[in-house]
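Descriptive structure summary
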Amino acid sequence: MKKAQKVISLLLTLLLCLGVMAGCQPATQSDPGGTTAGGVTPDKSSPKETTAAPKETTAAPQETTKGTDPEPEKILNLAWHSATGTDAMMESPFSDTQSLYHMFIWDSLVKLEDGLTRAVPMLAESFEFRDDGMALKFVLRDDVKWQDGEAFTADDVVFTLKLAGKLPKSTHKPIIRSIKGGEEFIDGKADEIEGVTANGNTITLDLVIKDLTILNKFASVPIMPVHLLGKADLAEADKYTDFWKHPIGTGAYRIDEIKYPDYFTMVRNENYWGTPGGFDKALFKSYQAGGAETQFAALISGELDLAYGNDINDISAAQNTVKQNAKLKIQMASDVNYRRCFVFNMVGGTDDKYNDIVRKPEVRQALNLLIDRESIAAFYPEQGLAMTTQLSPTSHLYNKDIPEFKRDVDKARQMLEEADFDFNKPLRLLYYYDDQTSADVMEVVTQNFAEAGVKLEPFLAKGDLSAIIYEQKNWDMLYGAFSSNDPVLNYSVLATTEGSLAYLGTDPTYYDRKPYADLFNEYFATATDPESVKKVCDQLQVLAAQDSFLLTIYGLRMLFIYNADKLVVSQNIMNDLPTAFASHPHLEDWKLK
């Protein structure tokens, strides 16, 4: 089990996740023998220094004339997403996977291009694997400043790695566990991460196992300023209001005005080390009070220039919106890059209503047979695809030996009876999407289960989603989503020592993660060998189908809506939107007409 605890897997959060995946190709990495990965080298020009601090304001900014300039100020209007609300401070990007503004404020060591498969330099001007893939070396840029004028150093990177390991809601703990001494640091047995070495502008990471995917994972890790956050308790740093009320980064834009809970603005960062952003200013407005409907209305009226995320990801609603404003266009991913699934609670909750019958694999397999995937996917015409594994049927990594899914109510009923299923005790299904289509999906699934005599009680989560899902756990099934630039890693929820362990548990009688951990260790070590990757993927799909902890229902092609008459962005960038923080945004190419 000790080896299994060191599995290096990407924690895939179920809370309002958003991301873009690169089909099913394994990530391209630098040669572990020591060849430095190349890529687009950012501009090294030295911008002017400034120490301008963001300020709060009470009036919403308008497009106005600057001085004697006859041209009105052009503002990019965007939505302010925040799972924790917009009342008091910004949400930490270590747990928030929905917000677009992260890529404006913060940089990472590398970013991903070519469909999120190839790492290119950012804060690290170069990188290389060493010692046959057992170490990773970053050489940092020496011309970077924080938005308050302080110099960026290796200390910021070391601090960020510690932060990633200690924040309770950090989605990056698997990266830290992959570093020598990372597990001991996370568990409180060490004050430092043994395998992290800083020497001047060089950072070297000694790894626990060979992991050729770890470089690309660093594209999702925003680097934080130790001189401002270092005073906070690492485990509480995401609540450190002295920083999060006006956070800063090294990115191309800095926060200018903030009026909680209504809006904030961004302007170009005068200290930016790279090519300046292509637009002057952005306004992020909160639409939390009205939800998706207010965003669609804002798009129609011209108040919003770009909308994205779970609330918007409905093709029917998007098409209806575009019909009412000819300036709007829909951009949709070319292939499935988002999957919605059911997962099971294997440990119970804080109340006495837990239905422990879901611990039986034959029950989970039977419930899987009841789901009408085709009808559910049909709610998303041109966008949805019924699926039975996390790999798209069009992928070369899809295991074609797995029998094609066929709904079978009679067989499911028989299996449930043989498993001594109590048809009088309901199953509670938690979901957290508040749109009408999701409500319709819940109704279909309820009817599906009723055909076999199973009572299903769907309920919409309201409040602190993290507490409801991971702490209270008063649910038997959860309807959630997975999205990764590497879809194989969606299965890592079954191998991780983080997040999902809260509801999958550690009792091997009901859930044994070791087989998944072993397969992922093999995957990480052979990620550049197509034959080995195919073998591991086939085994993962078979194992997951047998255990049925995770039931893949359908996949979606993610979409966003934008004002094509105002926002001009290259097609290559459009193809990677809606974006994950890992994607290189090339903000210099974002133009406003």
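As a convention, each chain's residues are numbered from 1 in the sequence order in which they are written. Totals for whole chains, interfaces and linings use all residues, but because this is a predicted model, local features are given only for residues with pLDDT of at least 70 and pairs of side-chain atoms are given and counted only at 80 or more. Side-chain metrics in this entry use all non-hydrogen atoms of the structure; hydrogen atoms and water are not considered.

1. Some words on the sheet that holds strand E15 (residues 384-386)
Across the sheet, six strands lie side by side as E15-E19-E14-E18-E16-E17; this open sheet has mixed pairing. Two strands in the sheet have a free side with no partner beyond their single neighbour: E15 and strand E17 (456-460). For this sheet, the mean angle separating the axes of adjacent strands, direction not counted, is 25°. Here, a strand pair is defined by DSSP locating no fewer than two bridges between the strands. Strands here mean DSSP runs of E at least two residues long; helices mean DSSP runs of H or I at least four residues long; both are numbered from the N terminus. Two elements, strand E16 (residues 427-431) and E17, share five bridges in a ladder whose sense is parallel. When the bridges of E17 are listed, Leu427 appears paired with Leu456. Strands strand E14 (338-344), E16, E17 and strand E18 (477-482) of the sheet are contacted by helix H14 (residues 436-450), whose axis makes an angle of about 165° with E17. Between N-to-C directions, angles span 0 to 180 degrees; the directions come from axes that are lines fitted to C-alpha atoms, helices contributing only their stretch in contact. Contacts between residues were defined by any pair of non-hydrogen atoms, one from each residue, lying within 4.5 Å.

2. Thoughts on the side chain of Asp435
Positionally, Asp435 belongs in the loop between E16 and H14. Buried within the structure, Asp435 lacks any salt-bridge partner; Arg340 is the closest side chain of opposite charge, at an N-O distance of 5.3 Å. Here a polar contact is recorded for every N or O atom pair within 3.5 Å, except that within protein the pair must consist of a potential hydrogen donor and a potential acceptor, and residues adjacent in sequence are included only if both atoms are side-chain atoms. Here Ser438 takes part through its side chain, which lies 2.9 Å from a polar atom of the side chain of Asp435. Residue burial is assigned from relative accessible area. The probe radius is 1.4 Å, only protein chains are included, and a residue is buried under 20% of its type maximum, exposed over 50%, and partly exposed in between. Charge assignment in this entry is limited to Lys and Arg as positive and Asp and Glu as negative, and neither His nor the chain termini are counted. The rule for a salt bridge is simple: a side-chain nitrogen of Lys or Arg has to be within 4 Å of a carboxyl oxygen of Asp or Glu.

3. Considerations on the pattern of salt bridges
Scanning the model with the defined rule gives 21 salt bridges in all. Across the pair Lys566 and Asp305 runs a salt bridge whose closest N-O atoms are separated by 2.9 Å. Residue Lys566 is found in the loop between strand E20 (559-563) and strand E21 (567-568), and its partner Asp305 is found in the loop between helix H9 (292-301) and strand E12 (306-307); the two are separated by 261 residues along the sequence. In this structure, Lys566 and Asp305 share a single accessibility class: buried. A salt bridge links Arg428 to Asp476, with the shortest nitrogen-to-oxygen separation between them at 3.7 Å.

4. A look at the environment of Leu283
Position of Leu283 among the secondary structure elements: in strand E11 (residues 281-286). Taking the C-alpha atoms as reference points, Leu283 and Glu257, 26 residues apart in sequence, are found 9.3 Å from one another.

5. Digging into the packing of aromatic side chains
A pair of aromatic rings is counted whenever rings of Phe, Tyr or Trp (Trp by its six-membered ring) have centres within 6.5 Å, and the orientation is called stacked for planes under 30 degrees apart, edge-to-face for over 60 and tilted otherwise. Counted under the stated rule, the structure contains 27 aromatic pairs. Aromatic side chains Phe520 and Phe524 sit 5.8 Å apart centroid to centroid with 40° between the ring planes, which places their arrangement in the tilted category. Of this pair, Phe520 and Phe524 both sit in helix H17 (residues 514-525), four residues apart, which is roughly one turn of the helix. Exposure class is identical for Phe520 and Phe524. Each is buried. Ring plane angle 40° and centroid distance 5.6 Å describe the contact between Phe560 and Tyr562, whose orientation is recorded as tilted. Across the pair, Tyr562 and Phe560 agree in class, each one buried. For a Lys NZ or an Arg CZ to count as sitting over a ring, it must be within 6 Å of the ring centre and within 35 degrees of the ring normal. The ring of Tyr433 carries the charged tip of Arg340 above its face, separated from the ring centre by 3.9 Å. Its guanidinium or amino end placed over the ring of Phe423, Arg413 lies 3.9 Å from that ring's centre, counting from NZ or CZ.

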